[in-house]
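Chains, contacts and geometry: an overview
What follows is each chain in one-letter form.
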Amino acid sequence: MGSQEVSDWQDSWKGLRVTVAGLGVSGVSAARALAGLGAVVTVVDGGSGPALEARAAELAGAGVTVRLGDAETLPEGTGLVVTSPGWQPQSPLFLAAAEAGVDVVGDVEVAWRLRGPGAAPWLAVTGTNGKTTTTRMLASILRAAGLRTAAVGNIGTPIVDVVLEDEAARAARSVEGGGRREGDGAYDVLAVELSSYQLHWAPSLRAHSAAVLNLAPDHLDWHGSMEAYAADKGRIYEGNQVACVYNADATDKPSTEDLVREADVEEGCRAIGFTLSAPAPSQLGVVEGILVDRAFVPDRQKQAQELAEVSDVSPPAPHNIANALAAAALARAFGVAPQAVRDGLRAFRPDAHRIEHVADVAGVAYVDDSKATNTHAAQASLAAYESIVWIAGGLAKGATFDELVAASAKRLRGAVLIGADRALIREALARHAPEVPVVDLDRTDTGAMAEAVRQAARLAAPGDTVLMAPACASMDMFTNYNKRGDAFAEAVRELGANA
């Protein structure tokens, strides 16, 4: 594809009146990109204040109109609305767009439409929990295979910026006549994390291969029902070319395998399962501490390919092994060799606050899983340890805790409860683990986490794990889960210094 073809294709945006909903990171990225392609862009945001005014001023320099304090009125002449992920589908702006016959899409849809012919294919990941870890594992494996890649989407650099970078590199190489292949871009393949919000607003997305890691109730206030939430997750499988990767161990309904069955995929696309047990044909799984592939081998009825050892995965908790298998399945679907899977997993290190070992103090391990903001994530974290003093609580987001506590009761030595909705967890503990000692901290000041850690240390014995896996959101006490995790780590360090 020559540079002139790229130019002709991008010219389709010129003069289009686009309204961008939201002045956050993705909104700013989309507005700047589309204005650069000649669209007439207006950004609307219901907020105000110095930070938003500063962003508005920056965008004004790029020819973008910004309207603060009114996020409900559709600007006259709008031909397309681009929304930031969190905006509710029933927002007045979107209802006005529907009445006017104007499409509403998200930044992922914009990125997909901005791709030129021959663009880097997408390996896509979604699920209730584990998306970021799996996407970053996948990128590590792809890099180990010598492929130019990036982990994008719901993490890292806005995906619109990455796609435009790819297209710019493709055009530049074509003009210069150098590089690898004529028209070659910046990337060979992209590892793309997608949230249910992003998938809801991305009707054209067609990935090379995709995975849904798990499904559990989450964001139901946004989606309206579990069925609608699952359906949006299942959009990731639509039009897949090579593999739809699903969780073969899942028992919830609808299951990720159900979503594969319902998807309209390209001819020849395969369903590939991953399991923590020995794999059946067309699955990846675990045999005697070895991650093995019975899907992408010449004779999957009789053969299995060793990929890596469980010890190559950090941390080797069950849910993280599942993440590794899903990442490996997507990489193998793209043709990556077994050794690159092993090398990529060995090189990978998880982000902070994801089942992160902070320190050992007096024979007790202290682990920060502040990212466990719902019951599904907390249950996976609790399953990784045998004897636990659990620090939990925060904003429940409408969740209930009976199933979580019942499943984890035998592992609990004690519990320390914090946050606005801690009573819900306390009541579940009383019903399903009445013998477990509970400390209920009725405080939300900045010293509350330090007190929680001190109380957990009092309950713990050598060999135990003090695990902060709150099963709740953090905003009642902290700006975000990162700040909550930082407070826990600081409290543990203080405990160690005074031991």
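First, a word on scope: everything that follows refers to the structure included in this document. Remember, it's a predicted structure, so these values are computed and weren't measured experimentally. (Residues numbered from 1 in each chain as written. Predicted model: local features only at pLDDT ≥ 70, side-chain atom pairs only at ≥ 80, totals over all residues. Heavy atoms only, no water.)

Description of the pairing of strand E13 (residues 290-293)
- By the alternation rule, side chains of E13 split into Ile290 and Val292 and Leu291 and Asp293, which are all buried.
- Summarising the sheet, strand E12 (residues 283-287) and E13 pair through four bridges and their orientation is antiparallel. Paired with Val287 across the bridge in E13 is Ile290.
- Here E12 folds back onto E13, and the loop between the two strands holds two residues, one of which, Glu288, carries a positive phi near 50°.
- In this structure, E13 lies alongside strand E14 (residues 305-309), joined through four bridges in antiparallel fashion. Within E14, the position partnered with Leu291 by the bridge is Ala308. (Buried < 20%, exposed > 50% of the residue type's maximum accessible area, 1.4 Å probe, protein only. Helix = DSSP H or I, 4+ residues; strand = E, 2+ residues; numbered from the N terminus. Pairing = 2+ DSSP bridges.)

Observations concerning the nonpolar core
- Of all hydrophobic cores here, the largest spans 58 residues; its most connected members are Val41, Val82, Trp122, Leu190 and Tyr237.
- When residues of this core are assigned to their parent elements, the largest contribution, six residues, is made by helix H2 (residues 25-36).
- Those residues in contact with Trp122, other than ones at most four positions away along the chain, are Val108, Ala111, Trp112, Arg115, Ile159, Val163, Leu190, Val192, Leu205, Ala207, His208 and Ser209.
- Leu291, Ala329, Ala333 and Val336 belong to the second-largest nonpolar core, a separate cluster that totals 39 residues. (Core = buried A, V, L, I, M, F, W, Y, C linked by side-chain atoms within 4.5 Å. Contact = heavy atoms within 4.5 Å.)

A few points about empty space enclosed by the protein
- Under the counting rule described, the total for this entry stands at one cavity of 30 Å³ or more.
- Taken together, Arg115, Ala119, Ala120, Trp122, Val162, Val163, Asp166, Glu167 and Leu190 make up the full set of residues lining the largest cavity.
- Among the elements that make up the lining of the largest cavity, the one with the highest residue count is helix H7 (residues 159-176) (four residues).
- Residues that form the lining of the largest cavity fall into these classes: six nonpolar, no polar and three charged. (1 Å grid on protein atoms, 1.4 Å probe; cavity = no way out; pocket = protein on both sides within 12 Å on 5 of 7 lines; lining within 4 Å. Points joined across faces, edges and corners; volume = space filled by probe spheres on them. Nonpolar A, V, L, I, M, F, W, Y, C, P; charged D, E, K, R; others polar.)

Some remarks on the sheet that holds strand E4 (residues 80-83)
- Within the open sheet, the five strands sit side by side as E3-E2-E1-E4-E5. Their pairing is parallel. The open sheet is flanked by strand E3 (65-68) and strand E5 (104-106), the only strands paired with a single partner. Strand-to-strand, the axes of this sheet are offset by a mean angle of 25°, without reference to chain direction.
- Bridge count between strand E1 (residues 17-21) and strand E2 (residues 40-45): five bridges; the pairing is parallel. Looking at the pairing, Val18 lines up with Val41 of E2.
- In the packing of H2 onto the sheet, the strands contacted are E1, E2 and E4, and the crossing angle to E2 comes to about 165°. (Axes fitted to C-alpha atoms, helices over the stretch in contact; angles between N-to-C directions.)

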